[in-house]
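# Fold and contact review
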Amino acid sequence: MRGIGKLVVALSIGLGLAGAAAATPAQAAGEARSPLSRDWPHAGPFGTFDRASVQRGMMVYREVCAACHGLEYIAFRNLLEIGLSEDEAKVIAAEYEITDGPDELGDMFERPGKLSDYYPSPFPNDNAARAANGGALPPDLSLVVKARLGGENYIYSLLVGYEDPPAGVELGDTQHYNPYFAGGAISMAPPLFADMVEYPDGTSATVEQMAYDVTNFLTWTAEPKLEARKQLGVKVIIFLVLFSILMYAVKRKVWAGLH
Ligand code: HEC
């Protein structure tokens with residue numbers, strides 16, 4: 001009897017596992033394809049940003065994405081942290097019109113951006129943004145790397161992953177097919193085309209390269225203190241190791257006479 005009981009338990013566990021395994025890889029309708037995975041220089045306990053790539057990514061954001069997406073948590077002075085000089089950051093800030101005021105007459109006015117300003121949104125409000133984008137809202141990109149499952153791999157895959165829709169998928173007039181986007185139908189047209197930007201360092205601006213660079217840039221905007229956090233982690237571990245050695249030595253000394 002006990003043998004049969006065990007058999008039943010084993011069988012049901014086996015069936016359960018098989019069911020779970022079958023459910024995972026299957027792509028139910030509306031589920032997104034798992035993102036491609038790339039090696040990111042800032043990954044791992046000792047990871048640091050690839051400054052050159054982050055700067056190239058800033059250029060892609062500035063020349064392509066900024067037409068539709070804001071970066072509301074980044075001030076122009078923050079660009080000094082990724083290696084821009086103050087003059088370079090000032091030039092970028094001055095490209096943007098900032099609403100300031102009120103002046104003595106109580107009116108708001110426009111002026112060129114300064115280092116202390118934050119990236120302004122490209123649209124005056126969400127309704128204007130929706131109206132210009134077929135009803136879909138282009139999200140602010142400051143934190144998007146942290147806000148999406150899959151992080152940088154997802155953002156990268158989304159940017160390089162546009163495809164022709166498979167048979168049977170109906171798209172609206174302003175929609176495009178991207179298997180990495182949940183549901184597949186996205187209201188953002190493929191934003192990147194080869195050689196859209198001209199990198200000053202001579203890097204070839206392929207779609208993959210621009211997607212990689214802008215994703216590195218957006219990882220920095222989402223967590224500018226990533227490097228400091230990792231360095232602190234390493235210091236704490238070193239401290240704990242040294243402290244353990246010291247405590248062991250103390251323990252041996254204190255107990256030495258009692259043996
Ligand atoms: C012409 C306007 C336009 C441009 C240019 C543009 N986007 Fe978008 N983007 C959109 C719209 C609209 C959406 C919302 C799509 C939706 O919800 O269907 C979107 C959505 C996104 C999303 C969110 C996807 C999600 O999971 O919700 C990311 C990330 C993104 N864009 C990144 C970028 C990057 C990076 C660039 C520059 C390389 C860029 N976009 C350029 C209009 C644009």
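Before any of the text, the structure's been laid out above.
Now for a quick tour of the structure. What you see as residue numbers is a count from 1 along each chain, following the sequence as written. Local features in this predicted model are restricted to residues of pLDDT 70 or higher, and side-chain atom pairs are both shown and tallied only at a pLDDT of 80 or more, whereas totals for entire chains, interfaces and linings draw on every residue. Working from all heavy atoms in the structure, the side-chain values ignore hydrogens and water.

## Comments concerning the overall build of the protein chain
- The numbering of helices and of strands both runs from the N terminus, where a helix is a DSSP run of H or I of at least 4 residues and a strand a run of E of at least 2. Along its length, the protein chain carries 8 helices and 4 strands.
- Shown N-terminal to C-terminal, the secondary structure of the protein chain runs as helices and strands in the order α-α-α-β-β-α-α-α-β-β-α-α.
- Accessible area is worked out with a 1.4 Å probe on protein chains only. A residue is then buried under 20% of its type maximum, exposed over 50%, and partly exposed in between. A burial count over the protein chain gives 32% of its 259 residues as buried.
- Only heavy atoms matter for contacts: two residues are in contact if any of them lie within 4.5 Å across the pair. Looking at the protein chain alone, contacts between residues at least 24 apart form 64% of all its contacts between residues at least 6 apart.
- For accessible areas, the Shrake-Rupley method is used with a probe of radius 1.4 Å. Any residue's cover is judged against the shown protein chains and nothing else. As displayed, the protein chain offers around 16,000 Å² of accessible surface, 61% of which is attributable to carbon and sulfur atoms.

## Let's talk about the site of the ligand
- In this text, near means that some heavy atom of the residue lies within 4 Å of the molecule or strand in question. Cys 65, Cys 68, His 69, Tyr 154 and Met 188 are the nearest of the 21 residues found near the ligand.
- In this structure, Tyr 154 approaches the ligand through a side-chain N or O atom, which is 2.5 Å from an oxygen atom.
- Throughout this description, a polar contact denotes any pair of N or O atoms lying within 3.5 Å of each other; where both atoms belong to protein, one of them has to be capable of donating a hydrogen while the other can accept it, and for residues adjacent in sequence the pair is counted only when both atoms sit in side chains. Take Ser 187: an N or O atom from its main chain is 2.9 Å from an oxygen atom of the ligand.
- Residue contributions to the shell around the ligand peak at 4 residues, all from helix H6 (residues 151-160).
- Gly counts as polar in this scheme, as do all residues outside two lists: the nonpolar Ala, Val, Leu, Ile, Met, Phe, Trp, Tyr, Cys and Pro, and the charged Asp, Glu, Lys and Arg. The residue inventory of the shell around the ligand, partitioned by class, reads 17 nonpolar, 3 polar and 1 charged.

## Topic: the nonpolar core
- As used in this record, nonpolar core signifies buried Ala, Val, Leu, Ile, Met, Phe, Trp, Tyr and Cys residues forming a set joined through side-chain atoms within 4.5 Å. Formed by 47 residues in total, the largest nonpolar core has its most connected members in Tyr 61, Leu 79, Tyr 119 and Phe 217.
- For this core, the element with the most residues is helix H7 (residues 207-222), which contributes 9 residues.
- For Phe 217, the residues in contact, after removing those within four places along its chain, are Val 54, Gly 57, Met 58, Tyr 61, Leu 71 and Ile 82.

## Quick notes on the coordination of the iron atom of the ligand
- Here a donor is any nitrogen, oxygen or sulfur atom (N, O, S) within 2.8 Å of the metal, with 3.2 Å used for Na, K and Ca; water is not among the atoms considered, so some sites may look incomplete. Here the iron atom of the ligand is held by the protein donor atoms His 69 (NE2) and Met 188 (SD), which lie 2.0 Å from it.
- Every angle between 85 and 135 degrees makes a four-donor site tetrahedral, while opposite donors more than 155 degrees apart, with all other angles between 65 and 115, make a four-donor site square planar and a six-donor site octahedral; other sites are irregular. For the iron atom of the ligand, the 6 donor atoms in the first shell make angles of 86 to 177° at the metal, so the coordination geometry reads as octahedral. You can see His 69 sitting in the loop between helix H2 (51-63) and helix H3 (86-94) and its partner Met 188 sitting in the loop between strand S4 (185-186) and H7, a full 119 residues away along the chain.

## What to know about the packing of H2 against H7
- Working convention: axes come from line fits to C-alpha atoms, limited for helices to the stretch in contact. Angles between N-to-C directions cover 0 to 180 degrees. Packing of H2 against H7 brings their axes to within 7 Å, and their N-to-C directions diverge by 100°. Taken together, the axes of H2 and H7 lie roughly perpendicular to each other. Side by side, H2 and H7 meet where Ser 53, Val 54, Arg 56, Gly 57, Met 58, Val 60 and Tyr 61 of the first sit next to Gln 209, Met 210, Tyr 212, Asp 213, Val 214, Asn 216, Phe 217 and Trp 220 of the second.
- Partitioning the contact of H2 with H7 into residue classes produces 9 nonpolar, 4 polar and 2 charged. The cut-offs work like this: below 35 degrees is roughly parallel, past 145 is roughly antiparallel, 65 to 115 is roughly perpendicular, and the gaps in between are oblique.

## Description of a nonpolar patch on the surface
- A cluster of nonpolar side chains, namely Leu 232, Val 236, Phe 239, Leu 240, Phe 243, Leu 246, Met 247, Val 250, Val 254, Trp 255 and Leu 258, defines an oily patch on the protein surface of about 1,100 Å² accessible area.
- Topologically, Leu 240 is positioned in helix H8 (residues 226-256).
- Assessed through its relative accessible area of 43%, Leu 240 is described here as partly exposed. To count toward a patch, a residue needs a relative accessible area above 30% and no salt bridge. Like charges then connect within 9 Å, nonpolar side chains (Val, Leu, Ile, Met, Phe, Trp, Tyr) within 5 Å. One side-chain nitrogen of Lys or Arg within 4 Å of one carboxyl oxygen of Asp or Glu is enough to make a salt bridge.

## Things to note about H8
- Its 31 residues give H8 an end-to-end C-alpha distance of 45 Å, which sits within 8% of 45 Å, the value for a rise of 1.5 Å per residue.
- Buried residues of H8: Leu 226, Glu 227 and Lys 230, and no others.
- Where the residues of H8 are buried, they touch H2. The span one expects for a helix is its residue count, reduced by one, times 1.5 Å.

## Comments concerning the packing of H6 against H7
- At a closest axis distance of 9 Å, the pairing of H6 and H7 adopts a crossing angle of 145°. Between H6 and H7 lies a crossing of right-handed hand. Contact with H6, carried on its side by Glu 152, Ile 155, Tyr 156, Leu 159 and Val 160, involves Val 207, Glu 208, Ala 211, Tyr 212, Val 214, Thr 215, Leu 218 and Thr 219 of H7 and no other residues of that element.
- Looking at the contact of H6 with H7 residue by residue, the classes come out as 9 nonpolar, 2 polar and 2 charged. Left-handed describes a crossing whose near helix is turned anticlockwise from the far helix by less than a right angle; the clockwise case is right-handed.

## As for the environment of Leu 218
- Relative to the helices and strands, Leu 218 resides in helix H7.
- Sequence separation between Leu 218 and Met 58 is 160 residues; the distance between their C-alpha atoms is 8.3 Å.
- What Leu 218 contacts, discounting residues up to four positions off in sequence, is Leu 71, Leu 141, Ser 142, Val 144, Val 145 and Ile 155.

## A few points about the pattern of salt bridges
- Counted under the stated rule, the structure contains 10 salt bridges.
- Here Glu 95 makes a salt bridge to Arg 62, at a shortest N to O gap of 2.5 Å. Taken together, the residues Glu 95 in the loop between H3 and strand S1 (97-100) and Arg 62 in helix H2 connect sequence positions 33 residues apart.
- Between Glu 223 and Arg 229 there is a salt bridge, with its nearest N and O atoms 2.6 Å apart.
- Overall, the relative accessible area of 46% leaves Arg 229 in the partly exposed class.
- A single salt-bridge network, built from bridges that share partners, covers Arg 56, Asp 201 and Asp 213.

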